[in-house]
Structures are given as C-alpha cells and as structure tokens.
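Coordinate analysis (summary)
The residues making up each chain are set out below.
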Amino acid sequence: MKVYNSIFEYQKKNKSILTLGTFDGVHIGHKKIIKKLTKQALEYKYESVLLTFFPHPRMVLKQDVKIQLLNTIEEKIKLIKATGIQHLIIHPFDAIFSELTAEDFVKKVLVDQLNIGKIIIGHDHKFGKNRAANIDDLIELGEKYNFEVDQISVKEIDSISISSTKIRTALLAGKIELANAYLGHPYAISGVVVEGKKIGRTIGFPTANIELTEDYKLIPKNGVYVVSSEMKTGTVFGMMNIGNNPTVEGKKNSIEIHFFDFNKTIYQEQISVYLHARIRDEQKFNSLEALKNQLVLDKKYSIDYVQKNTATIK
C-alpha cells in the first residue's frame, strides 16, 4: 500500500474505485466497505483508493469541543494496510477545504485529481460544505460526471449498524470485549515507555509506563485489563492498569503494564498494547501488601483468560 499525504500527490492515469471518510477505528462496518472495494477493483481493473482526512474535521470545525478518537493516524495506517487497499490518501483537512461545495469537491477532487470511475460509500454519508449533500446528490453528480455510485446499506454492513460512536461508548463504559467485537480486532493503545515511580518492582510487579504520543486518543474506563503486545521476541501477555494509583496517593492518571515472563529494559521504545478483557475497577488498598495480594489474583485471572482464549488472541 502506498500512502499519500495529500490528494495532490496522487497521480494515476488508470481509473480509481474509491471510498472516503474518517474511518475512525477501521471497524467491521468499514472493513465490509473496503472488502467490497478491493474485490471490485480487481473486477474493473481500477486502482483501489481510500481517501481520509487528518486532522479529523471536527478538530478543525469544532475546536471548542475535545474530540476523542479510536486511532492515532499511525494506528489507522497500520489497520488500513492490512485490508489490501492499494492507495491510502490522508489529506490535510482545514478551513479552506471545508468550504468546498459538494459539486466542487466531486469535480475538483474526485474527478479531476483522483480520476474516479466508481465510488463505494456508506448509507449515511454526508459531504461538501456544511455536510449539506447526501447520497442522492452524489448519485446525481455521478451521472453528470460519468462515475458510478454504489451505496452500502445498513443491512448489508450488518444487522446492527456499527458506528465509531457506539465503540467509544463501549470503551468509556469499560466494555472492552463488546468494543472489540464491533471493531473486529483488539483495541490498541500506543505510546512510548517511560520511567515511573518504580513502586511496582518493590512488590514483585514491575511495570512499563506508557506515555501517549497523541492527546486525542481515547483511553478506556479506568481499571485493570488483560493485554498483549508485540515485542521483538514475539507476543507478550500482561495486565494493565489505567488510573491514578490511589493506593500510593497518585495524583494523575497513568497507564502501566506488568508483562508476564518479560524482564527486558524497553525505556523509550514505542509499543502498542492490545486490550482483550477487563478484570476489575481500580481500587484503593490499605497497604502495598494488600495490593500485592490482589495483583497475584489479577495475574492468575489474566493467565487463565489467555489460556482459555488462545485461539482468538494474537
């Protein structure tokens, strides 16, 4: 897959079959659309193209509202690459771009720049200035500019309409397995391993502290989770705490992972941690010894969970 940082970097004589949107989460509904697109690209002998935007349009148009996204741009690229798309265009979204009318967007971007032959789009897609145009407008413009429009219905995506909003709601409620089912893959948190207070190692549970690289990334509900991560040596499992460490009077939220059977130093490394199940809420214990006893139980639960779900956890 080739990645372009602007629509103007893309130059192909061949016709393209295209889909577009924010694709936050790259969930199973998105994957349904992409699968159809890549299949038809082979049938039509078109270039398969996915057009998305960064920053997220709401970051530009609603700056007074804090947005929480399911993916960093790096995570999104990795997920889309796995779908078999040939070309991923990440176009900078700004105030000027947002002023394009629906017809200007279709003519100047889709037709003139991306040489569109067909577009596959979700049933509820809105586009153009103020998101004023809908699927009916797109069909009309397709007839005018000679490209096909293929609409994906809710029923075709699934009997339940998967949305990024539903996934965010599940994550904020701590329902990680429901969120993963909607996504079709484990939810990930990516960041740099930094030094912490090193209290965990004094009770036999050393942790890797993750510092997020992007402040817009959605962090699930505080609590303890079963997780995995890909290291140079392979997949490593562990348990992760999201919270403010009330037992040791923590003042701010942190993300700490205790990896099982892993004792390498990984400070300053960029890692991704995949969440599989939620064990419990974060708790305040009366002593470090009481905390240690609970962590022993959490570790047993985590190892049992991994062993029971080996076929589905990667």
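Check the entry above for the structure.
Sequence positions are assigned chain by chain, starting from 1 and proceeding in written order. In keeping with the model being predicted, local features are shown solely for residues with a pLDDT of at least 70 and side-chain atom pairs are shown and tallied solely at 80 or more, while totals for entire chains, interfaces and linings include all residues. The basis for the side-chain values is all heavy atoms of the structure; hydrogens and waters are excluded.

What follows deals with the sheet that holds strand S1 (residues 2-4). Read across the sheet, six strands follow the order S1-S4-S3-S2-S5-S6 without closing on themselves; strand pairing throughout is parallel. Each end of this open sheet is capped by a strand with a single partner; those strands are S1 and strand S6 (148-152). Adjacent strand axes in the sheet meet at a mean angle of 20 degrees when their direction is disregarded. DSSP-based pairing: two strands are paired if at least 2 bridges between them are found. Put simply, DSSP marks the helices as runs of H or I at least four residues long and the strands as runs of E at least two long, and each gets a number from the N terminus on. Strand direction decides the pairing type here: strand S2 (residues 16-20) and strand S5 (residues 116-122), joined by three bridges, are parallel. In the sheet register, Leu18 faces S5, and the bridge partner there is Ile119. Note on contacts: a residue pair qualifies if any of its non-hydrogen atoms lie within 4.5 Å across the two residues. Only the stretch in contact is used when a helix axis is fitted, and all axes are lines through C-alpha atoms; the angle between N-to-C directions ranges over 0 to 180 degrees. Against the sheet, helix H3 (residues 73-81) makes contact with S1, strand S3 (47-53) and strand S4 (87-91), and its axis sits at roughly 160 degrees relative to S4, the strand it touches most. Its contacts with the sheet put helix H5 (residues 102-113) on S2, S3 and S5, and the angle it makes with S5 is roughly 120 degrees.

On to the sheet that holds strand S7 (residues 187-194), then. Here six strands make up a closed barrel; going around it, the order is S7-S8-S11-S10-S9-S12 and the pairing antiparallel. Taking the axes of each pair of neighbouring strands and ignoring which way they run, one obtains an average angle of 45 degrees across the sheet. Bridging between strand S9 (residues 223-231) and strand S10 (residues 234-243) involves nine bridges; their strand directions are antiparallel. Bridge pairing in S10 links Met231 to Gly234.

Attention now goes to unusual backbone geometry. Along the chain, Phe54 connects to Pro55 via a cis peptide bond; the corresponding omega equals 5 degrees. Note that Pro55 resides in the loop between S3 and helix H2 (57-61). The phi dihedral of Phe23 is positive, around 50 degrees, even though this residue is not glycine. If you trace the backbone, Phe23 turns up in the loop between S2 and helix H1 (28-44).

Shape descriptors only; they carry no functional weight alone.
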